[in-house]
Amino acid sequence: MREEIIGLLDDLLPLVDLESDFLFGELSSLDITTIMMVLSEHYNITLSHEDVTPRNFRNIDSIVEMVQNKR
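Keep in mind the model is a prediction, meaning the values are calculated, not measured.

Asks: I keep staring at the overall build of the protein and nothing clicks. Help me out?
Replies: Helix and strand content of the protein: three helices and zero strands. For the protein, the α and β elements follow one another from N to C terminus as α-α-α. For 71 residues, the compact-globule formula gives about 11 Å, and the C-alpha radius of gyration of the protein, at 11 Å, lands near that figure. Expressed as a percentage of its 71 residues, the buried residues of the protein come to 41%. Pairs at least 24 residues apart make up 56% of the contacts formed inside the protein by residues separated by at least 6 positions. For the protein, the accessible surface area stands at approximately 4,400 Å², while carbon and sulfur atoms represent 48% of it. A gap of 9 Å separates the mean positions of the 5 positive and 14 negative side-chain charges of the protein.

Okay, structure coming up:
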């Protein structure tokens, strides 16, 4: 799932280092909205503003964990 998520986001966020240890600090609000929309649609899950936390967006692994927990 990790590689799949990276593949989904890499084309949409070419300027973001998805392998960063503190990804949340590199993301704009538009980037976060894009991530949430893409993941919600692709995995048929519901993500809300309450899911936007530094813990959930700390790095790609925490994003994967968030998606897995929502499934």
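Asks: Mind showing me how you'd approach the packing of helix H1 (residues 2-10) against helix H2 (residues 29-43) here?
Replies: Axis separation between H1 and H2 bottoms out at 10 Å; the angle between their running directions is 125°. In terms of their interaxial angle, H1 and H2 are classed as oblique. The handedness of the crossing between H1 and H2 is right-handed. Packed against H1, whose contacting residues are Glu-4, Ile-5, Leu-8 and Leu-9, the element H2 presents Ile-35, Val-38, Leu-39, His-42 and Tyr-43 at the interface. In the contact of H1 with H2, the residues fall into seven nonpolar, one polar and one charged.

Calculation rules
- Residues numbered from 1 in each chain as written.
- Predicted model: local features only at pLDDT ≥ 70, side-chain atom pairs only at ≥ 80, totals over all residues.
- Heavy atoms only, no water.
- Helix = DSSP H or I, 4+ residues; strand = E, 2+ residues; numbered from the N terminus.
- Rg over C-alpha atoms; globule rule 2.2 N^0.38 Å.
- Buried < 20%, exposed > 50% of the residue type's maximum accessible area, 1.4 Å probe, protein only.
- Contact = heavy atoms within 4.5 Å.
- Areas by Shrake-Rupley, 256 points an atom, 1.4 Å probe, with all protein chains shown as cover.
- Lys, Arg positive; Asp, Glu negative; His and termini not counted.
- Charge placed at Lys NZ, Arg CZ, Asp CG, Glu CD.
- Axes fitted to C-alpha atoms, helices over the stretch in contact; angles between N-to-C directions.
- Parallel < 35°, antiparallel > 145°, perpendicular 65-115°, else oblique.
- Left-handed = near helix turned anticlockwise from the far one by under 90°.
- Nonpolar A, V, L, I, M, F, W, Y, C, P; charged D, E, K, R; others polar.

Worth remembering: the numbers are spatial, not functional.
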